[in-house]
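The lines below spell out each chain.
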Amino acid sequence: MHQNIGFRLSRLPRLWRAIIDRRLAPLGLTQTRWITLYHLWRLGDGQPQCDLARAIGVEAPSLVRTLDQLSEQGLIERCPCDQDRRTKRVFLTQAATPLLEQIDEVVTQARREMLGGLSEAEIQQLDALLEHIENNGLAIQTKESDG
């Protein structure tokens, strides 16, 4: 039984994103675009590109293409950072707001459905357990990269 936990944990994010992807497809958003917009919205305007990439879990160079596409769509702007001209900060445009509200509705509804049948206490416990597992994994990763 315990052997399946890792596989289940790896399948769930893909399943979750696939459901959201299918629901956002009519808006013309690829997974990388909606995830980038959603993270920027949640993190707040003016994020440095490298911080945004880290939050999303991608390498900064691979984020550049997505940011180029979002910029062409008029959904973001990139401005040089005052302290470091090599760093670009990413800002949402006003055109992104209605789209982000639609994304948020889809994500919220998917979350509600995926967590259906669980009580608030069970959801809080699940969140705490996942955080504990993640912290264990981060500690292992740090230990192994230092050793």
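Note: the structure precedes this text.
Residues numbered from 1 in each chain as written. Predicted model: local features only at pLDDT ≥ 70, side-chain atom pairs only at ≥ 80, totals over all residues. Heavy atoms only, no water.

Participant: Help me understand helix α3 (residues 49–56) in this model?
Facilitator: Structurally, the α-helix is built with 3.6 residues per turn, so residues lying three or four positions apart point the same way. Taken residue by residue, α3 has Gln 49, Leu 52 and Ala 53 as its buried positions. In a view along the axis of α3, the buried residues occupy a sector of 100°, so they form one face of it. Elements that come into contact with the buried residues of α3 comprise α2 (31–43), β1 (47–48), α4 (60–72), β2 (76–80) and β3 (88–92). Backbone geometry just after α3 places Gly 57 at a positive phi near 95°. (Buried < 20%, exposed > 50% of the residue type's maximum accessible area, 1.4 Å probe, protein only. Helix = DSSP H or I, 4+ residues; strand = E, 2+ residues; numbered from the N terminus. Arc of directions from axis to C-beta. Contact = heavy atoms within 4.5 Å.)

Participant: Whenever I open this one, the sheet that holds β3 confuses me. Can you help?
Facilitator: Adjacent strands of a sheet form backbone hydrogen bonds with each other and so pair up, either parallel or antiparallel. In spatial order, the strands read β1-β3-β2; together these three strands make up an open sheet with antiparallel pairing. Where the open sheet ends on each side, the last strands, each with one partner, are β1 and β2. Two elements, β1 and β3, share two bridges in a ladder whose sense is antiparallel. Note that in β3 the partner of Gln 47 across the bridge is Val 90. Packing of α4 onto the sheet brings it into contact with β2 and β3, and relative to β2 it is tilted by some 120°. (Pairing = 2+ DSSP bridges. Axes fitted to C-alpha atoms, helices over the stretch in contact; angles between N-to-C directions.)

Participant: What exactly am I supposed to notice about helix α1 (residues 4–24) here?
Facilitator: Spanning 21 residues, α1 covers 30 Å between terminal C-alpha atoms, matching the ideal 30 Å at 1.5 Å per step. Those residues of α1 that fall on the buried side of the exposure criterion are Ile 19, Ile 20, Asp 21 and Leu 24. In this structure, the buried side of α1 is in contact with α2 and α5 (96–114). (Expected span 1.5 Å × (residues − 1).)

Participant: Got a minute to help me understand a nonpolar patch on the surface in this structure?
Facilitator: Side chains of Ile 5, Leu 9, Leu 118, Leu 126, Leu 130 and Ile 133 sit close together on the surface and give an oily, nonpolar patch of about 450 Å² of accessible area. Considering each element in turn, the nonpolar patch owes the most residues, three residues, to helix α6 (residues 120–146). Within the secondary structure, Leu 9 sits in helix α1. Using a relative accessible area of 34% as the deciding quantity, one classes Leu 9 as partly exposed. (Patch = residues over 30% accessible without salt bridge, like charges linked within 9 Å, V, L, I, M, F, W, Y side chains within 5 Å. Areas by Shrake-Rupley, 256 points an atom, 1.4 Å probe, with all protein chains shown as cover. Salt bridge = Lys/Arg side-chain N within 4 Å of Asp/Glu carboxyl O.)

Participant: What exactly am I supposed to notice about the pairing of β3 here?
Facilitator: Put simply, side chains in a regular strand alternate between the two faces of the sheet. Where β2 meets β3, five bridges bridge the pair, whose relative direction is antiparallel. Its bridge partner being in β3, Glu 77 is matched across the sheet by Phe 91.

Participant: When you look at the nonpolar core in this model, what are you seeing that I'm missing?
Facilitator: For soluble globular proteins, the rule of thumb is that nonpolar side chains tend to be buried together. Within the largest apolar cluster, 25 residues are counted, with the highest numbers of intra-cluster contacts made by Ile 20, Trp 34, Leu 37, Ile 76, Leu 92 and Ile 103. Counting residues per element, the ones that place at least two in this core are α1, α2, α3, α4, β3 and α5. In terms of residue count, α5 provides more of this core than any other element does, seven residues in total. Those residues within four positions of Ile 20 in sequence are excluded, and the remaining contacts are Trp 34, Val 106, Val 107 and Ala 110. (Core = buried A, V, L, I, M, F, W, Y, C linked by side-chain atoms within 4.5 Å.)

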